[in-house]
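In case you want the letters, here they are:
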Amino acid sequence: MGKLINIDNGGTLTDIWVLDGEASYHTKTITTPYDLSKCFFEGLKKISEDIYGREDLRALLQSTDHIRYSTTQGTNALVERKGPSLGVIINGSDKQWCCETGQQSSLFSGLVGERIAVISPDLSAEEYQYALTEAVNHLSAAGASRLVVSFCGDNYIAEEEQLRKAMLRAFPRHLLGSVPVLYSSVLSRDENSNTRLWTAIFNAFLHPAMERFLYNTENELSAFRMRNPLLVYRNDGYSGRVAKTIALKTYSSGPRGGAEGALAYSNYYGYRRVITIDVGGTTTDIGLIENGEIVGDQRGLVEGVRCSYPLAEIVSVGVGGGSIIRVVDGEVAVGPESVGGAPGPACFGMGGERATITDALLVMGLLDPKTYFGGKMAIKYEKAVAVINSDIAQPLNISVEAACGRMLDAWAAKIALGIRQYTEITDDTVLMAFGGGGPMGVVAVARSAGVRQVLIPRLSAVFSAHGIGFSDIAHSATAQIDGTQPAKAASIIDGLVARVSRDMGTEGYSKEECHFDAWYEEYGRVHPVDIAQLSAGISDSIPNKKILFGVRAVKPISHAQLAPKISLSPSVAESSGERRLVAADGAAQSVPVYQVEKQKAGAGGNGGAVLEEAFWTCSVPAGWRFDFTANRDIVLSVNTSEQVQ
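Note that the structure is a prediction, hence the values are computed from the model and not measured. (Residues numbered from 1 in each chain as written. Predicted model: local features only at pLDDT ≥ 70, side-chain atom pairs only at ≥ 80, totals over all residues. Heavy atoms only, no water.)

**Comments concerning the overall build of the protein**
When its secondary structure is counted, the protein shows 16 helices and 34 strands. On C-alpha atoms alone, the protein measures out to a radius of gyration of 26 Å, which is about the 26 Å that the 2.2 N^0.38 rule sets for 645 residues. Each principal axis of the C-alpha distribution contributes one length, and for the protein these read about 85 × 55 × 50 Å. By residue count, 57% of the 645 residues in the protein fall in the buried class. For the protein, the exposed area adds up to about 26700 Å²; of that, 48% sits on carbon and sulfur atoms. (Helix = DSSP H or I, 4+ residues; strand = E, 2+ residues; numbered from the N terminus. Rg over C-alpha atoms; globule rule 2.2 N^0.38 Å. Buried < 20%, exposed > 50% of the residue type's maximum accessible area, 1.4 Å probe, protein only. Areas by Shrake-Rupley, 256 points an atom, 1.4 Å probe, with all protein chains shown as cover.)

**Description of the packing of helix α5 (residues 125–141) against helix α6 (residues 156–170)**
What describes two packed helices is the angle between their axes and the distance between those same axes. In contact at an axis separation of 10 Å, α5 and α6 are set at 75° when each is read in the N-to-C sense. Between α5 and α6, the interaxial angle falls into the category roughly perpendicular. Mapping the contact onto sequence places Y128, Q129, L132, T133 and V136 in α5 and E159, Q162, L163, A166, M167, R169 and A170 in α6. Class assignment of the residues belonging to the contact of α5 with α6 gives a composition of seven nonpolar, three polar and two charged. (Axes fitted to C-alpha atoms, helices over the stretch in contact; angles between N-to-C directions. Parallel < 35°, antiparallel > 145°, perpendicular 65-115°, else oblique. Contact = heavy atoms within 4.5 Å. Nonpolar A, V, L, I, M, F, W, Y, C, P; charged D, E, K, R; others polar.)

**Some thoughts on the sheet that holds strand β6 (residues 116–118)**
Taken in spatial order, the four strands make up an open sheet running β6-β5-β7-β8, and their pairing is parallel. The open sheet has two edge strands with one neighbour each: β6 and β8 (181–183). Taking the axes of each pair of neighbouring strands and ignoring which way they run, one obtains an average angle of 20° across the sheet. Relative to β8, strand β7 (residues 146–149) runs parallel, the two sharing three bridges. Residue pairing for β8: L147 is matched across the bridge by V181. Sheet contacts for α6: β5 (86–90), β7 and β8; angle to β8, the most-contacted strand, approximately 160°. (Pairing = 2+ DSSP bridges.)

**Digging into the pattern of salt bridges**
Should their charged atoms come close, side chains of opposite charge can pair. Counted under the stated rule, the structure contains 21 salt bridges. With a closest N to O distance of 2.8 Å, K244 and D503 form a salt bridge. Remark: D503 occurs in helix α16 (residues 486–506) and K244 occurs in the loop between β10 (239–241) and α10 (253–269); sequence separation between them is 259 residues. Classification of D503 by relative accessible area gives buried; the value is 11%. The network of salt bridges with common partners includes R272, R273, E290 and D428. (Salt bridge = Lys/Arg side-chain N within 4 Å of Asp/Glu carboxyl O.)

**Quick notes on unusual backbone geometry**
The step from G335 to P336 runs through a cis peptide bond, and the omega angle for that step is 0°. Looking at where P336 falls in the secondary structure, it is placed in strand β20 (residues 331–338). The peptide bond linking G607 to G608 adopts the cis configuration, its omega dihedral lying at 5°. For G608, the position within the fold is in the loop between β30 (603–606) and β31 (609–613). Backbone geometry places S252, a non-glycine residue, at a positive phi of 60°. Take S252: it is sitting in the loop between β10 and α10. Classification of S252 by relative accessible area gives buried; the value is 18%. The residue D329 is not glycine, and still its phi comes out positive at about 55°. Secondary-structure assignment places D329 in the loop between β19 (323–328) and β20.

**Structural notes on the packing of aromatic side chains**
Applying the stated rule across the entire model yields 14 aromatic pairs. Ring-pair connections join several aromatic residues into one group, and the members of that group are F40, F41, Y69 and F213. Of note, R196 hangs over the ring of Y156, and the distance from its end group to the ring centre comes to 3.4 Å. (Phe/Tyr/Trp six-rings, centres within 6.5 Å; stacked < 30°, edge-to-face > 60°. Lys NZ or Arg CZ within 6 Å of the ring centre and 35° of its normal.)

**Quick word on the nonpolar core**
Membership of the largest hydrophobic core comes to 76 residues, with the highest contact counts inside it found for I388, W411 and L636. Here the element with the most residues in this core is helix α13 (residues 400–422); it accounts for twelve residues. Those residues in contact with L636, other than ones at most four positions away along the chain, are V442, V443, R452, Q453, V454, I456, L611, C618, V620, W624, R625 and F626. In this structure, F213, L214, L230 and A247 belong to the second largest nonpolar core, which totals 55 residues. (Core = buried A, V, L, I, M, F, W, Y, C linked by side-chain atoms within 4.5 Å.)

**Here we look at helix α1 (residues 36–52)**
If you check α1, its first and last C-alpha atoms are 25 Å apart, about what 17 residues at 1.5 Å a residue would give, namely 24 Å. Where α1 is concerned, the buried positions are L36, S37, C39, F40, F41, G43, L44, K46, I47, S48 and I51. With its phi angle positive at about 80°, G53 sits one or two positions after the end of α1. (Expected span 1.5 Å × (residues − 1).)

**Comments concerning the packing of α13 against helix α14 (residues 442–449)**
Between α13 and α14, the shortest axis-to-axis distance is 8 Å and the interhelical angle comes to 55°. By the angle between their directions, the pair α13 and α14 is classed as oblique. Of the two elements, α13 crosses α14, and the hand of that crossing is right-handed. Together, L408, W411, A412, A413, I415, A416, I419 and R420 of α13 and A444, V445, S448 and A449 of α14 make up the contact between the two elements. Split into classes, the residues belonging to the contact of α13 with α14 amount to ten nonpolar, one polar and one charged. (Left-handed = near helix turned anticlockwise from the far one by under 90°.)

**Regarding a negative patch on the surface**
On the surface, a cluster of negative charge is contributed by E42, E49, D50 and E55. Relative to the helices and strands, E49 resides in helix α1. For E49, a relative accessible area of 42% corresponds to the partly exposed category. (Patch = residues over 30% accessible without salt bridge, like charges linked within 9 Å, V, L, I, M, F, W, Y side chains within 5 Å. Lys, Arg positive; Asp, Glu negative; His and termini not counted. Charge placed at Lys NZ, Arg CZ, Asp CG, Glu CD.)

**Thoughts on the sheet that holds strand β29 (residues 588–595)**
Pairing in this open sheet of four strands is mixed, and the strands run β28-β29-β31-β32 from one edge to the other. Unpaired on one side and paired on the other, β28 (577–582) and β32 (616–620) mark the two borders of the sheet. Pairs of neighbouring strands in the sheet enclose a mean axial angle of 30°, with direction left out of account.

**Description of the pairing of strand β2 (residues 13–20)**
Extensive coverage of β2 is indicated by the burial of six of its eight residues. Two elements, strand β1 (residues 3–9) and β2, share six bridges in a ladder whose sense is antiparallel. Pairing of I7 across the sheet is with I16, part of β2. In this antiparallel pair of consecutive strands, β1 and β2, the connection spans three residues. Relative to strand β3 (residues 23–30), β2 runs antiparallel, the two sharing eight bridges. By the bridge assignment, V18 is partnered in β3 with Y25. Following β2, the chain reverses through two residues before pairing antiparallel with β3; G21 in that reversal takes a positive phi of roughly 65°.

Note that all results are geometric; they support no functional claim without further evidence.
Here's what the structure looks like:
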């Protein structure tokens with residue numbers, strides 16, 4: 001069995017996790033947004049050095065079964081509005097259905113603007129052809145580099161097909177040139193025309209950013225004679241090859257990896273309600289696992305607008321490890337602007353001149369320049385002091401140490417506010433922190449939010465990449481069927497099974513190697529169907545009406561494994577030294593430092609303390625304790641034998 005490589009490309013850092021039998025390896029590298037292939041291969045070279053003791057990319061790739069990749073590239077392109085100029089063709093003079101909310105109007109203005117044309121399907125053949133030519137010429141002259149065709153009404157599929165044929169007659173491929181045309185009915189058969197339209201708009205906008213990098217990377221990997229093609233991890237929790245992946249399904253795929261991991265861990269620990277915080281360089285993604293399920297929506301929200309695909313319910317708060325902290329009207333304000341991976345926080349020494357929480361935690365003593373980022377990044381204390389003094393301490397007329405305390409309080413409070421606005425805090429709520437920045441201020445966040453128990457996965461630093469390791473390869477397809485016409489419905493379902501079987505065939509797997517899931521949607525809820533039951537009769541398995549039916553083919557592959565649950569003998573964690581921490585009031589205290597990698601299952605201790613892994617550091621204050629589980633994750637909890645400070 002070969003290795004599995006999972007890569008989560010974030011806006012600031014790119015995470016790599018490798019499963020090699022029972023052994024796992026992980027590392028991080030700085031994201032290079034100007035050329036994502038650079039950080040992709042740099043990360044693989046770094047992890048090969050950890051595995052073999054020397055850099056050997058060829059040996060790594062040739063011993064790997066699958067590489068699964070998730071990226072924020074498309075998400076960032078949408079947030080920053082960096083994408084193609086879209087033109088839209090609709091079939092009704094009433095354009096109100098295109099923008100039913102203020103958020104849709106704002107997005108439509110940013111992505112489409114005035115590049116919209118109307119074609120009536122009731123025109124004569126000659127008039128229709130003329131109107132289409134005029135519409136395409138108008139949109140092209142207005143700067144549209146991609147066209148979206150989305151019709152409303154009961155006959156939208158037939159009418160979009162009519163336009164497709166007319167388009168080929170008027171503009172053969174060699175004449176239309178580099179202006180692709182996307183038809184909404186190809187992506188979605190959703191009954192809601194507004195949702196179909198936005199699904200097509202989002203996909204058309206995201207596609208170029210994904211296409212260039214992924215195909216180029218796939219070509220570069222082929223030179224190493226890998227066993228299988230590059231797989232793209234999707235926001236439905238599965239993976240597929242680049243050519244079979246819809247761009248929109250890469251949106252928020254990294255957070256979905258974190259959600260899949262959180263689901264596996266919540267089931268492992270028997271937690272009923274887990275709030276996840278994934279702290280990156282720019283944002284903190286907040287999610288919820290409740291009663292053994294990832295909380296999500298069958299019609300997921302993309303920037304507040306519904307699309308036709310299910311998405312995990314992830315709320316992003318504009319605060320992360322690189323968020324700019326400043327004084328506004330005498331108060332400490334955090335984000336949403338970030339210094340990003342380049343130039344990064346001032347302490348990185350790469351030209352950053354704005355204060356961040358990373359700078360504050362360095363000055364407070366939590367971060368050690370000798371061990372930060374696995375000891376492979378020299379961070380500079382004096383630069384952090386200088387920027388905090390100029391940006392925070394002097395405007396507030398307080399000491400640098402007190403300024404650091406104010407920065408941490410404001411940073412934690414903003415994340416806690418995002419949590420409280422998203423969901424209720426209950427007595428059995430567990431806060432699960434991951435991402436490189438997740439553990440560093442998690443107790444401050446928990447205190448501010450009113451949570452009394454925290455879980456920090458041992459692989460917190462690369463948890464979204466690790467979470468991908470709990471998923472499989474799959475393809476799905478949906479179609480509208482009518483339960484009142486069982487023979488026709490059965491034929492459509494057979495067609496869906498054949499379609500996903502062909503898709504899995506392109507991945508190199510036969511129908512016999514896959515298992516099949518089926519479901520239907522009714523009133524926004526998903527109802528599983530045992531696909532074997534369909535042979536007993538359509539009417540016995542689905543409602544007697546029109547519904548959206550889906551089929552998925554899944555090829556199981558090796559999964560990440562958690563340690564067997566065993567009875568643990570409590571022991572005292574072994575300290576590797578001490579570190580001087582500065583409190584918000586300026587008082588300093590030496591506390592023990594515990595190297596996470598060296599602790600045994602069952603080890604524990606009381607705060608104040610510092611927990612440190614190669615790529616993350618956590619402060620455990622007085623009044624809290626830490627315990628290592630059988631999986632060597634860390635549970636932080638209020639120490640009932642002490643008064644919480």
